[in-house]
Amino acid sequence: QADTAMYYAKELGRNNYQFFTRKLDDKIQEKLALGNHLRRALEREELSLHYQPQVDIRTGRIKGLEVLLRWNSSIQGSVSPAVFIPIAEETGLIVPIGAWVLRCACDQNLKWQEMGYPPQSISVNISARQFREPMFIESIAEVLKETGLDPQWLEIEITESIAMENVESSIKQLKRLKELGVTIAIDDFGTGYSSLNYLRKLPIDTLKIDQSFVQDIGRDENGEAIVIAIIQLAHNLHLTVIAEGVETEGQLDFLKYKNCDEIQGYFYSKPRPPVEIEQYLKREKVSFA
Ligand code: C2E
Ligand code: MG
Ligand code: MG
Ligand code: MG
């Protein structure tokens, strides 16, 4: 009986293994296919940019717009950045795609200024591979020069994890960025492993509280404690602090009470295409504040 049990266990193991490798194969195939489609996405003009307002928590005025990439694939339909950005990173496609995002966002921002809207800062997400690219700083300087956008209206977002990995080289790179006159935000703050000693050495302007902590507001006291700690830390370091992923009035009230500076999230607006953002830009002041 023990022998038969052993036999079944082995068989089961083998089948599971085959099942597992087949599933893994499918995953790899799917990724390769997506990578190939992504390669053509730029030339097929399947990529576009959405913008999400960052709002002053006291005045309700728009202080900036985060640029979020969208891919509407002719083959897969709309693909989430959470899926295709990692693929773009692995394949290196993020470098040309990222350059396009930067150029397109600066053009759009300038266009809004020419249309007479009050000037806004646009925040562009930069991935690890872009940030470590030898010509990264030069490419930003070039876009600023070519478009003529005043650098004060461009913000670069890098995640806490990117900033803290190889931190000495990050400090150098960020200093060079600052010399261009752009501002710098640390994204997804609280999810990485920041050395506070290094954090104070980074030449940054803004901390963005990760949305996972914001979603804890009213639900989990430990998450709330982290939100409060990040706000205080930011202010002690003379940084602006933004809460990401604000969805409810309760979260807004808490953040206001705790002196957070800006909010970004569905409560105010989801990321929207430029024409829809213009409706927000038209309004000088918003009503909720
Ligand atoms: P992120 O930079 O942290 O961007 C915030 C994400 O939260 C966005 O997801 C946004 O749509 C979403 N979000 C905003 N408000 C809310 C809210 O109230 N509730 C919830 N649940 N979500 C909210 P998205 O657009 O899917 O982008 C995901 C990530 O992909 C971004 O995270 C960023 O890391 C990356 N990404 C997006 N566009 C670019 C890009 O142009 N370049 C690079 N390198 N990465 C990008
Ligand atoms: Mg800002
Ligand atoms: Mg971001
Ligand atoms: Mg984030």
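Up top you'll find the structure we're talking about.
Parameters and conventions
Residues numbered from 1 in each chain as written. Chains lettered and ligands numbered in written order. Predicted model: local features only at pLDDT ≥ 70, side-chain atom pairs only at ≥ 80, totals over all residues. Heavy atoms only, no water. Helix = DSSP H or I, 4+ residues; strand = E, 2+ residues; numbered from the N terminus. Buried < 20%, exposed > 50% of the residue type's maximum accessible area, 1.4 Å probe, protein only. Contact = heavy atoms within 4.5 Å. Areas by Shrake-Rupley, 256 points an atom, 1.4 Å probe, with all protein chains shown as cover. Lys, Arg positive; Asp, Glu negative; His and termini not counted. Charge placed at Lys NZ, Arg CZ, Asp CG, Glu CD. 1 Å grid on protein atoms, 1.4 Å probe; cavity = no way out; pocket = protein on both sides within 12 Å on 5 of 7 lines; lining within 4 Å. Points joined across faces, edges and corners; volume = space filled by probe spheres on them. Nonpolar A, V, L, I, M, F, W, Y, C, P; charged D, E, K, R; others polar. Axes fitted to C-alpha atoms, helices over the stretch in contact; angles between N-to-C directions. Parallel < 35°, antiparallel > 145°, perpendicular 65-115°, else oblique. Left-handed = near helix turned anticlockwise from the far one by under 90°. Donors = N, O, S within 2.8 Å, 3.2 Å for Na, K, Ca; no water. Pairing = 2+ DSSP bridges. Near = heavy atom within 4 Å. Polar contact = N/O pair within 3.5 Å; in protein donor to acceptor, adjacent residues only side chain to side chain. Sits in = over half its atoms within 2 Å of the grid points. Salt bridge = Lys/Arg side-chain N within 4 Å of Asp/Glu carboxyl O.

J.: Explain the overall build of the chain residue by residue, including any values.
T.: Secondary structure summary: the chain contains 12 helices and nine strands in total. Taken over 289 residues, the chain has a buried fraction of 44%. Within the chain, counting contacts between residues at least 6 apart in sequence, those at least 24 apart form 68% of the total. A total accessible area of about 15500 Å² is found for the chain, and carbon and sulfur atoms account for 51% of it. Once the 33 positive and 42 negative side-chain charges of the chain are each reduced to a mean point, those two points are 1 Å apart.

J.: Can you tell me about the layout of surface pockets, naming the residues and giving the values?
T.: Using a probe with the size of a water molecule, rolled over the atoms, empty space left in the structure can be pinpointed. Here the largest pocket defines a volume of roughly 960 Å³. Forming the boundary of the largest pocket are 36 residues, of which Glu66, Leu68, Pro81, Asn125 and Asp187 lie nearest the centre. Going through the elements one at a time, strand E2 (62-73), strand E3 (77-79), helix H2 (81-91), helix H3 (94-114), strand E4 (121-125), strand E5 (154-159) and strand E6 (183-189) are the ones with two or more residues in the lining of the largest pocket. A class-by-class count of the residues in the lining of the largest pocket yields 15 nonpolar, 12 polar and nine charged. Quantified by volume, the second largest pocket comes out at close to 250 Å³. If you go around the second largest pocket, you meet 15 residues; those closest to its centre are Val95, Gly98, Ala99, Phe136 and Ser139.

J.: Describe in detail the packing of H3 against helix H5 (residues 136-147), supporting the description with residues and values.
T.: Each packed pair of helices is defined by two parameters, the angle between the axes and the distance between the axes. It is the contact of H3 with H5, at a shortest axis distance of 10 Å, that shows an interaxial angle of 30°. Judged on the interaxial angle alone, H5 and H3 are roughly parallel. For the pair H3 and H5, the crossing hand works out as right-handed. Between H3 and H5, the contacting residues are Leu102, Arg103, Cys106, Asp107 and Leu110 on the first element and Ile140, Val143, Glu146 and Thr147 on the second.

J.: I'd like a rundown of the coordination of the magnesium ion (ligand 3), residues and numbers included.
T.: All of the protein donors around the magnesium ion (ligand 3) are Glu66 (OE), Asn125 (OD1), Glu157 (OE) and Asp187 (OD); their distances to the metal are 2.1 to 2.2 Å. Along the chain, the residues that donate to the magnesium ion (ligand 3) are spaced as E-x58-N-x31-E-x29-D. Between the magnesium ion (ligand 3) and the magnesium ion (ligand 4), the interatomic distance is 4.3 Å, and aspartate 187 donates to each metal, bridging them. Here the residue glutamate 66 occupies a position in strand E2, and asparagine 125 occupies one in strand E4, the gap between them amounting to 59 residues. The exposure class of asparagine 125 is partly exposed, given its relative accessible area of 28%.

J.: Mind laying out the pairing of E6, listing which residues take part and the relevant values?
T.: Counting buried positions over the seven residues of E6 gives five, a clear majority of the element. Pairing between E5 and E6: five bridges, direction parallel. Looking at the pairing, glutamate 155 lines up with threonine 183 of E6. Bridging between E6 and strand E7 (residues 206-209) involves three bridges; their strand directions are parallel.

J.: So what about the site of ligand 1? Which residues, and what values?
T.: Taken together, 22 residues lie around ligand 1, and Arg70, Asp187, Gln211, Glu247 and Tyr266 are the ones closest in. Within the side chain of asparagine 125, one N or O atom sits 2.9 Å away from an oxygen atom of ligand 1. Between glutamine 211 and ligand 1, the recorded distance is 2.8 Å, taken from a side-chain N or O atom to an oxygen atom. Under a 2 Å grid-point criterion requiring more than half of the atoms, the pocket assigned to ligand 1 is the largest pocket. For the shell around ligand 1, the elements supplying multiple residues, two or more each, are E2, H2, H3 and E6.

J.: Pulling in residues and values, what's your account of the pattern of salt bridges?
T.: This model, assessed by the stated rule, comprises 11 salt bridges. Among the ionic pairs, glutamate 90 bridges to lysine 31, the shortest N-O distance being 3.2 Å. Note that glutamate 90 is positioned in helix H2 and lysine 31 in helix H1 (residues 2-41), a separation of 59 residues in sequence. Using a relative accessible area of 40% as the deciding quantity, one classes lysine 31 as partly exposed.

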